[in-house]
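Notes for the structure review
Letter by letter, the chains look like this.
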Amino acid sequence: MSSGVAISPVPNESILPPDYFHSQARSISSESILIYLALSGSVIPMRVLESDSIESVKLRIQTCIGSVVRNQKLVCGGRELARNNCLVREYGVTDGNVLHLVLRLSDLQVISVKTACGKEFTFHVERSRDVGYVKQQIAKKGKGLVDEDQEVICNGEQLEDQRLIDDISKHSDAVIHLLVRKPAKVRPKHVEKNLELSIVASQLSEGKNENDETVRDAGSQTCTQKVLLVPIKPPDRSFHLEPVVVNPKIDLPSVIMDLINSTFDGLSKGNYPIRSSEGTGGAYFMPNSFGDKYISVFKPMDEEPMAMNNPRGLPLSQYGEGLKKGTKVGEGAFREVAAYILDHPMGGHRSFCSMEKGFAGVPPTTMVKCLHKGFNHPGNVTIKIGSLQMFMENDGSCEDLGPGAFPVSEVHKISVLDIRLANADRHTGNILFRKSEEDGRTILIPIDHGYCLPETFEDCTFDWLYWPQARQPYSPDTIDYIKSLDAEEDIAILKFYGWNLPLECARILRISTMLLKKGVERGLTPFSIGSIMCRETLTKESMIEEIVQEAHDSVLPGTSEAVFLESVSCVMDRRLDEIAEKL
């Protein structure tokens, strides 16, 4: 989240310690720049050096906050400062720039509860949960002394059920103190105004209950009292959910329809979407009909980073470009679905009607229209279009474990997906892991593909590149899978499902697939191939960029795409042969 972290008042203009500059053998006047940190709805001045690394700036911010923060992100001028080893000046940060800080807060919050009857207890809850969930937990802890009709008070303010814990807490709050009491006024519910209760009353008056069983003394006063006490909540119909199908020839597979129907059932029971406290865009966990677990994750297009309704406080994109070079705001949902469609299973291309798991295990994902007041609506409540992805049960993300715990085959499947899709945002936080119940084996689950298939290779980053498994050769089965890939068929498949890839994105897919196939033919490892795609520093072009530029310089203006790609193939063969000879 961003703009949800409380910072203690800064006494000076700078976050730097008083003797910082004296400890540096540099000239303050030539290197010192004043930037502004956008945080918690306020702007904090901060002095840094142009020769400081992004990592050192993040560490200094962390010191100011006073706690360890994982997945800290900085955004300046509409671009994420993602490479920690790069210098401030390499990103073009200058005097007077505003840096937006996006933080991942602690997953758990301590809740202290005091009830009106004097009972007190403490428990932990996920910050992404809402007050309605907390009331359920309070009821369990209170052993029935607390029910859903009672009020939850925090600092004198009554909290609505859909309010997120993350929204009412402060980063400096070690404990949130809640008071639970009965409402000051009880509003009676009239039977004639409650359709479902009226139906129940009608059934009872006819001598029937909900199971069509005969009810004794149906017209008695006792029976009438039972009707008035039936706690039936009318369903919340102020929502809408339906798939977006561009091509009428497409029949959605059962796994996708089950995903949509289960999400619909959860909304129909009045369960609110739970906005994630992580990430740079709006992402909502959608509960099942019982409200006890998540079914899916919905990411609206208009809440993507730097989109008009982004809930994280990021600035609106000036030219439509996303946080990563070569991506556009509002296209992340298409890319999420594309990653699922192109994650072909072993043995052939994916039939969208197939339930077969893809090679890399991208969760089932589809485009939907969804209406709910629980989403971020600065204005009127409107229908949102976005990606709906199956929620995957997991034991954490890869940032929680050292890479040595992951099987080689699991790392390799992620590498194949990232290389062929030129993923510009593969970090340890968007690879989940799960322990298999059958054999205890660790399974990796790739998520968050909103920055794959970009228009350029500039921001390609793979965290797995530095894991030991990446230096191991691909298995014969994986090599056979790579040989079966066909970029032209992939482009046609995406077009069939409604996304006509722009020329630049299609070119990236063709070249990255070409590199992957040629690389394995020469026995190159994921590390060797991935290193060709990723820049060593922000300003030094990667080898794949050099190959593309050399091919571009060797053809005449107006040359067809086929001729250009043939030139790329020739240059790539020469460069790969040079690498293979050194191995």
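Residues numbered from 1 in each chain as written. Predicted model: local features only at pLDDT ≥ 70, side-chain atom pairs only at ≥ 80, totals over all residues. Heavy atoms only, no water.

What follows covers the overall build of the protein chain. Looking only at helices and strands, the protein chain has 15 helices and 18 strands in total. The 583 residues of the protein chain split such that 51% are buried. Considering only intrachain contacts with a sequence separation of at least 6, the fraction spanning at least 24 residues in the protein chain is 68%. Carbon together with sulfur atoms contributes 51% to the accessible area of the protein chain, which is approximately 28,100 Å² in total. (Helix = DSSP H or I, 4+ residues; strand = E, 2+ residues; numbered from the N terminus. Buried < 20%, exposed > 50% of the residue type's maximum accessible area, 1.4 Å probe, protein only. Contact = heavy atoms within 4.5 Å. Areas by Shrake-Rupley, 256 points an atom, 1.4 Å probe, with all protein chains shown as cover.)

Further remarks concern the sheet that holds strand S15 (residues 365–371). Read across the open sheet, the six strands follow the order S11-S15-S16-S14-S13-S12; overall the sheet is antiparallel. One side of each edge strand has no neighbouring strand; the edge strands of this open sheet are strand S11 (240–243) and strand S12 (274–275). As judged from the six bridges shared by S15 and strand S16 (residues 384–390), these two strands associate in the antiparallel manner. Pairing of cysteine 370 across the sheet is with lysine 384, part of S16. Packed on one face of the sheet, helix H7 (residues 254–268) meets S11, strand S13 (284–287), strand S14 (294–300), S15 and S16 and runs near 110° to S16. Its contacts with the sheet place helix H8 (residues 332–342) against S14, S15 and S16, and it is angled at close to 145° to S15. (Pairing = 2+ DSSP bridges. Axes fitted to C-alpha atoms, helices over the stretch in contact; angles between N-to-C directions.)

Before going further, it helps to examine the packing of helix H11 (residues 487–496) against helix H12 (residues 503–521). At a minimum axis distance of 9 Å, the contact between H11 and H12 shows a crossing angle of 145°. Relative to H12, H11 is oriented so that their crossing is right-handed. Here H11 contributes Ala487, Glu488, Asp490 and Ile491 to the contact with H12, which in turn contributes Ala506, Leu509, Arg510 and Thr513. (Left-handed = near helix turned anticlockwise from the far one by under 90°.)

Turning our eyes to something else, we now look at the pairing of S14. Note on strand geometry: in a regular strand, side chains alternate between the two faces of the sheet. With seven of seven residues buried, S14 is to be regarded as a mostly interior element. By the bridge criterion, four bridges tie S13 to S14 in an arrangement that is antiparallel. The partner of tyrosine 284 across the bridge, within S14, is phenylalanine 298. Following S13, the chain reverses through six residues before pairing antiparallel with S14; glycine 291 in that reversal takes a positive phi of roughly 75°.

All of the buried residues along helix H10 (residues 476–483) are Thr478, Tyr481 and Ile482. Down the axis of H10, the smallest arc covering the buried residues is 100°, so these residues share one side. Away from the buried face of H10 by more than 90 degrees, exposed residues Pro476, Asp477 and Lys483 are located. Elements in contact with the buried residues of H10: helix H9 (408–421) and H12. (Arc of directions from axis to C-beta.)

Right, let's get into the confidence of the model for the protein chain. Low-confidence regions, as indicated by low pLDDT, have predicted coordinates that should not be scrutinised in detail. Taken as a whole, the protein chain shows an average pLDDT of 81; of its residues, 77% reach a score of 70 or greater. In this model residues 1–29 is a low-confidence stretch, pLDDT under 50, and it forms 62 contacts with partners more than four residues away in sequence or in other chains. Here residues 185–236 is modelled with pLDDT under 50, and outside its nearest four sequence neighbours on either side it reaches 39 contacts, counting other chains as well. (pLDDT = per-residue confidence, 0-100.)

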